[in-house]
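A look at the structure
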Amino acid sequence: MKIKKIEIDKNLCIGCGSCVVIAQEAFEPKDAKSCVKKDWQKESQENIISAQRACPVGAINLYDKDDKKVD
């Protein structure tokens, strides 16, 4: 599985920063929330998936090449 898109649900995000710590190349803090960096593809797929799993509120959504949500 290859991740093609990352979205953060800003209504769910509490800005805890776990994703930023786990996947620094993919996520950054902005206005007390996390956001996806423009060049997020530099981060390893494993770190991105770990960041998604570590999110305490499930705010990170990952999508594959067919635009299917990856759980």
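Report on the accompanying structure. (Residues numbered from 1 in each chain as written. Predicted model: local features only at pLDDT ≥ 70, side-chain atom pairs only at ≥ 80, totals over all residues. Heavy atoms only, no water.)

1. A short note on the overall build of the chain
Quick reminder of the rule: Every helix listed is a DSSP run of H or I at least four residues long, and every strand listed is a run of E at least two residues long, numbered separately from the N terminus. Throughout, radius of gyration means the C-alpha value; the globule benchmark is 2.2 Å times the number of residues raised to the power 0.38. Partly exposed describes any residue whose relative accessible area lies between the buried limit of under 20% and the exposed limit of over 50%, with all areas from a 1.4 Å probe on protein chains only and scaled to the type maximum. Method for areas: the Shrake-Rupley scheme with a 1.4 Å probe, in which residue coverage is limited to the protein chains shown. Counting rule for charge: Lys and Arg are taken as positive, Asp and Glu as negative, and neither His nor the chain ends is counted. Working definition for charges: the position is that of NZ of Lys, CZ of Arg, CG of Asp or CD of Glu.
Secondary structure summary: the chain contains two helices and five strands in total. Helices and strands appear in the chain in the N-to-C order β-α-β-β-α-β-β. Over its C-alpha atoms the chain spans a radius of gyration of 11 Å, differing by no more than 12% from the 11 Å that the globule rule assigns to 71 residues. Along the longest, intermediate and shortest principal axes, the C-alpha atoms of the chain span 30 × 20 × 20 Å. In the chain, which comprises 71 residues, the proportion classed as buried is 38%. Put simply, the chain shows about 4,600 Å² of open surface, and 47% of that area lies on carbon and sulfur atoms. Placing the 13 positive and 12 negative side-chain charges of the chain at their respective mean positions leaves the two points 1 Å apart.

2. A short note on the environment of Arg 53
With respect to the secondary-structure elements, Arg 53 resides in helix H2 (residues 45–54). C-alpha of Arg 53 to C-alpha of Lys 10: the two residues are 43 residues apart in sequence and 17 Å apart in space.

3. Focus: a nonpolar patch on the surface
Defined as follows: Residues enter a patch when their relative accessible area is above 30% and they make no salt bridge; the linking distance is 9 Å between like charges and 5 Å between nonpolar side chains (Val, Leu, Ile, Met, Phe, Trp, Tyr). The rule for a salt bridge is simple: a side-chain nitrogen of Lys or Arg has to be within 4 Å of a carboxyl oxygen of Asp or Glu.
Together, Leu 12, Ile 14 and Val 57 line one region of the surface with nonpolar side chains, adding up to about 240 Å² of accessible area. Its location among the elements puts Val 57 in the loop between H2 and strand S4 (60–63).

4. Observations concerning H2
The condition is simple: The arc in question is traced by the directions running from the helix axis to the C-beta atoms. We call two residues in contact whenever any of their non-hydrogen atoms come within 4.5 Å of each other.
For H2, the full list of buried residues reads Ile 48, Ile 49, Ala 51 and Gln 52. Mapping the buried residues of H2 onto a view down its axis gives an arc of 155°, with all of them on the same face. Along H2, the residues that are exposed and aim more than 90 degrees away from the buried face are Glu 46 and Arg 53. Tucked inside the fold, the buried residues of H2 contact strand S1 (5–8), helix H1 (18–22), strand S2 (27–30), S4 and strand S5 (69–70).

5. Looking at empty space enclosed by the protein
Space left empty within the atom packing is revealed by a probe, the size of a water molecule, rolled over the atoms. Convention followed: Both cavities and pockets are sets of points on a 1 Å grid over the protein atoms alone; in a cavity a 1.4 Å probe fits but cannot get out, in a pocket the set is open with protein on both sides within 12 Å along at least five of seven lines, and lining residues sit with an atom within 4 Å of a point. Grid points are joined across faces, edges and corners, and a volume is the space filled by probe spheres set on the points. Put simply, Ala, Val, Leu, Ile, Met, Phe, Trp, Tyr, Cys and Pro go in the nonpolar bin, Asp, Glu, Lys and Arg in the charged bin, and everything else, Gly too, in the polar bin.
Across all of its chains, the model carries one cavity of 30 Å³ or more by this definition. The computed volume of the largest cavity comes to approximately 80 Å³. Every residue lining the largest cavity is counted, 13 residues in all, and those nearest its centre are Cys 13, Cys 16, Cys 19, Ser 34 and Cys 55. Of the residues assigned to the lining of the largest cavity, the class counts are nine nonpolar, four polar and no charged.

6. Section: the environment of Trp 40
Within the secondary structure, Trp 40 is located in the loop between strand S3 (33–36) and H2. Look at Trp 40 and you get buried, because its relative accessible area is 8%. For the pair Trp 40 and Ala 51, spaced 11 residues apart in sequence, the C-alpha separation works out to 13 Å.

7. A word on unusual backbone geometry
One non-glycine residue, Asp 31, lies in the positive phi region at around 50°. Note that Asp 31 resides in the loop between S2 and S3. Backbone geometry places Ala 32, a non-glycine residue, at a positive phi of 65°. Within the element layout of this structure, Ala 32 appears in the loop between S2 and S3.

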